[in-house]
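If you want the building blocks of each chain, they are given just below.
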Amino acid sequence: MDKFDQAILSILQSDCTRPIAEIAESIGLGSTACWRRVQKLEEQGMIRGRVALLDPAQLNVAVTVFAAMRTNQHNAEWLGGFHDLIATLPEVVECYRMAGDTDYMLRIVVPDIAGYDAVYKKLIRLSGITDISSSFAMEQIKSTTQLPLNYTRP
């Protein structure tokens, strides 16, 4: 990846609705060359998609809960069932398998504590969960979808 690709990615991370001609002009490329680079970055999987970022408060899901989960099940069958369950819960916006004392970390968005309780009750239906420790975010200090680009390889 060269400086042009990095510049394109930087711009698209800020605003993916910018026209190709505008991006090309701002980085000193022709529109066709810029468009080809964007296409190549998409084909390579570097650009996974283009989305709109929504306001959680306006959608009545302004409460963020981080749920640290532990399980005594570490087999493929259980993991498949866990993946299936998580896929059915739109409130779970991120889920990570962890190393260390926590097996899974979930970021959950809901309207209120009752909303989280409903999600919690769905989670504990899955056998093998030994602990769920929940923390409610009081304030969001930083949130970004922009990845750092200074670690890319040429």
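Up top is the structure.
Presented here is an overview of the structure given in this document.

Cut-offs applied
- Residues numbered from 1 in each chain as written.
- Predicted model: local features only at pLDDT ≥ 70, side-chain atom pairs only at ≥ 80, totals over all residues.
- Heavy atoms only, no water.
- Phe/Tyr/Trp six-rings, centres within 6.5 Å; stacked < 30°, edge-to-face > 60°.
- Helix = DSSP H or I, 4+ residues; strand = E, 2+ residues; numbered from the N terminus.
- Buried < 20%, exposed > 50% of the residue type's maximum accessible area, 1.4 Å probe, protein only.
- Lys NZ or Arg CZ within 6 Å of the ring centre and 35° of its normal.
- Pairing = 2+ DSSP bridges.
- Axes fitted to C-alpha atoms, helices over the stretch in contact; angles between N-to-C directions.
- Contact = heavy atoms within 4.5 Å.
- Salt bridge = Lys/Arg side-chain N within 4 Å of Asp/Glu carboxyl O.

**Section: the packing of aromatic side chains**
We describe a pair of aromatic rings using the distance from one ring centre to the other and the angle between the two ring planes. Counted under the stated rule, the structure contains five aromatic pairs. The interplanar angle of 10 degrees and the centroid separation of 5.2 Å between the aromatic rings of tryptophan 78 and phenylalanine 82 together place this pair among those described as stacked. Within this pair, tryptophan 78 and its partner phenylalanine 82 are both found in helix α4 (residues 76-87), separated by four residues, close to a single helical turn. Assessed through its relative accessible area of 7%, tryptophan 78 is described here as buried. A ring pair is formed by tryptophan 78 and tyrosine 104, whose centres lie 5.9 Å apart and whose planes are at 40 degrees; its orientation type is tilted. With a gap of 26 residues between them, tryptophan 78 in helix α4 and tyrosine 104 in strand β3 (residues 104-110) connect regions that are remote in the sequence. Judged by relative accessible area, which is 7%, tyrosine 104 ranks as buried. Among the aromatic side chains, those forming a connected cluster through ring pairs are Trp78, Phe82 and Tyr104. Sitting over the face of the ring of phenylalanine 4, lysine 3 holds its NZ or CZ atom 5.3 Å from the ring centroid.

**Overview of the sheet that holds β3**
The strands making up a sheet are joined through hydrogen bonds of the backbone, oriented either antiparallel or parallel. What the four strands build is an open sheet, ordered β2-β3-β1-β4; its pairing is antiparallel. The sheet is open, and its two borders are formed by β2 (92-97) and β4 (129-136), each paired with just one other strand. Strand after strand, the sheet turns through a mean of 20 degrees between neighbouring axes, direction not considered. Across seven bridges, strand β1 (residues 63-71) lies against β3 in antiparallel orientation. Paired with alanine 68 across the bridge in β3 is methionine 105.

**Section: the environment of tyrosine 104**
In this structure, the C-alpha to C-alpha distance between tyrosine 104 and alanine 68, residues 36 residues apart in sequence, is 5.9 Å. Contact partners of tyrosine 104, with chain neighbours within four places excluded, come to Ala67, Ala68, Met69, Thr71, Trp78, Leu79, Phe82, Tyr96, Arg97 and Met98.

**A word on the pattern of salt bridges**
If the charged atoms of two oppositely charged side chains come close together, the side chains can form a pair. For the structure on display, the rule yields six salt bridges. For the salt bridge of aspartate 5 with arginine 37, the shortest nitrogen-to-oxygen distance reads 2.9 Å. With aspartate 5 in helix α1 (residues 3-14) and arginine 37 in helix α3 (residues 31-43), this pair connects stretches of sequence that are 32 residues apart. The exposure class of aspartate 5 is buried, given its relative accessible area of 13%.

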